[in-house]
Amino acid sequence: MKRIRVIDSHTAGEPTRVVVEGGPDLGSGPMGERLIRFRDGFDPFRSAVVNEPRGSDTLVGALLCEPCRSDCAAGVIFFNNVGYLGMCGHGAIGVVSTLAHLGRIEPGRHRLETPAGAIAAGLQPSGEVVIENVASFRWAKGVALDLEGYGRLTGDVAWGGNWFFLSEDHGLRLSPENTGRLLDCTWKIRRELRKRRITGRDRREIDHIALFAPPQRTDADARNFVLCPGGSYDRSPCGTGTSAKVACLVADGRFGQGRTWRQESIIGSLFEATVRLHRGRIVPSIKGSAFVTAESTLLLDPRDPMRMGLKSAASP
């Protein structure tokens, strides 16, 4: 019987499952190299942790690793129902809160090593977490797409730790009651980007789609709906998506140092974003809270034909 110790949390409504014991031995070296070993040699483990019947399409996993860098409190590899993530904002906040729950860190400034690079993480006495993300930037502005059933819309391509297409002129209502149509539209955007071979830098696939609209909360600047790579939508305001958003705002001269962008999610939860401009780079910080919801041991019974999880049907 294989046993995997995990701690579950949610960040602004979006779940994270941190693997603290029982994960695969990925050896040493940078997180990017270990992600490749994970993907190539242990992908069934990923599926077993986050896919049904133990998980769901919404769940993001995080494998804790010994860091390669001496200045990091932990290394982490993020994964979901269909693959792996270079970085995950809500997941990083969940990891920091989980490390605090385990007594491994105390309030103060820490660093996490991710496949996208090392990030700073500030744990406040209140329990709130501030993640200083990787440098973010806009790759392309005003990309026009013609979608069946939706007409023409435009958006920017930007990097915030993952690749995003971000659009404001979609004309859709961003509310939980409209998620069916929002999912249909964002899937069509992703398919059209793939069809037209529109990518990020180094031909990287744009696997996150974010729609923006005016907020419903009086203390927010915008509301968003984010399609995740595995076909679910982000319940949180999306840390990497908010990073990509503020990078576009800075590029347009609409945002800068000393200001705060308050990003509302589709369910009404909130992240606060600020930026630091350093040597021509845009370095976003995301503030949010995570709450531990469970301490569990996953059991992989060798008699169970579904012990390694059900393959997700999500596909662009």
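Throughout what follows, the structure given in this document is the object of discussion. (Residues numbered from 1 in each chain as written. Predicted model: local features only at pLDDT ≥ 70, side-chain atom pairs only at ≥ 80, totals over all residues. Heavy atoms only, no water.)

**Side note on the overall build of the chain**
Secondary structure assignment for the chain yields five helices and 17 strands. Taken over C-alpha atoms, the radius of gyration comes to 19 Å for the chain, in line with the 20 Å a tight globule of 316 residues would show. Across the 316 residues that make up the chain, the buried fraction comes to 54%. In the chain, 63% of the contacts between residues at least 6 apart in sequence involve partners at least 24 apart. (Helix = DSSP H or I, 4+ residues; strand = E, 2+ residues; numbered from the N terminus. Rg over C-alpha atoms; globule rule 2.2 N^0.38 Å. Buried < 20%, exposed > 50% of the residue type's maximum accessible area, 1.4 Å probe, protein only. Contact = heavy atoms within 4.5 Å.)

**Digging into the environment of Gly22**
Position of Gly22 relative to the elements: it lies in the loop between strand S2 (14–21) and helix H1 (31–41). For Gly22, a relative accessible area of 28% puts it in the partly exposed group. Distance from Gly22 to Gln124, taken between C-alpha atoms, is 30 Å for residues 102 residues apart in sequence. Look past the residues within four positions of Gly22 in its chain and what remains in contact with it is Lys2, Arg3, Ile4 and Phe45.

**Some remarks on the pairing of strand S1 (residues 2–11)**
Where S1 meets strand S17 (residues 290–300), ten bridges bridge the pair, whose relative direction is antiparallel. By the bridge assignment, Arg5 is partnered in S17 with Thr297. Both S1 and S2 contribute to a ladder of seven bridges, which runs antiparallel. Paired with Asp8 across the bridge in S2 is Arg17. (Pairing = 2+ DSSP bridges.)

**A short note on the environment of Val50**
Relative to the elements of secondary structure, Val50 occurs in helix H2 (residues 43–50). Put simply, Val50 and Gly231 are 181 residues apart on the chain and 14 Å apart in space, counted from C-alpha to C-alpha. Those residues within four positions of Val50 in sequence are excluded, and the remaining contacts are Gly55, Ser56, Leu59, Val60, Gly61, Phe79, Asn80 and Asn81.

**Section: H1**
The set of residues buried in H1 consists of Met31, Arg34, Leu35 and Phe38. The buried residues of H1 occupy an angular sector of 110° when projected down its axis, which confines them to one face. In this structure, the buried side of H1 is in contact with H2, strand S3 (60–65), strand S4 (74–79), strand S5 (84–85) and strand S6 (108–114). (Arc of directions from axis to C-beta.)

**Overview of unusual backbone geometry**
Across the junction of Glu52 and Pro53, the peptide omega takes the value 10°, indicating a cis bond. Among the secondary structure elements, Pro53 is positioned in the loop between H2 and S3. Here Arg197, not a glycine, exhibits a phi torsion of approximately 60°, which is positive. Summarising the element assignment, Arg197 is placed in the loop between helix H4 (179–195) and strand S12 (208–213). We note that Cys238 has phi near 75°; this positive angle belongs to a residue other than glycine. Mapped onto the secondary structure, Cys238 falls in the loop between strand S13 (222–227) and helix H5 (239–251).

**With respect to the pattern of salt bridges**
Per the stated rule, a full pass over the model turns up 22 salt bridges. The salt bridge partner of Arg46 is Asp43, with a shortest N-O separation of 2.7 Å. Taken as a pair, Arg46 and Asp43 lie in helix H2 at a separation of three residues, close to a single helical turn. Assessed through its relative accessible area of 25%, Asp43 is described here as partly exposed. Here the residues in one salt-bridge network are Arg138, Lys141, Asp156 and Asp252, joined through shared partners. (Salt bridge = Lys/Arg side-chain N within 4 Å of Asp/Glu carboxyl O.)

**Here we look at H2**
Buried residues dominate H2, accounting for six of its eight residues. For H2, the set of buried residues is Phe45, Arg46, Ser47, Ala48, Val49 and Val50.

**So, the packing of aromatic side chains**
Enumeration over the complete set of coordinates arrives at nine aromatic pairs. One Lys or Arg, Lys245, reaches over the ring of Phe212 and ends 4.4 Å from the middle of that ring. (Phe/Tyr/Trp six-rings, centres within 6.5 Å; stacked < 30°, edge-to-face > 60°. Lys NZ or Arg CZ within 6 Å of the ring centre and 35° of its normal.)

**Structural notes on the nonpolar core**
If you look at the biggest cluster of nonpolar residues, it comprises 72 residues, and the most contacted ones within it are Phe78, Val95, Ile131, Leu145, Phe165 and Ile189. A per-element tally of this core places H5 first, with six residues. Counting residues in hydrophobic clusters, the runner-up holds 19 residues, among them Met31, Leu35, Phe79 and Tyr84. (Core = buried A, V, L, I, M, F, W, Y, C linked by side-chain atoms within 4.5 Å.)

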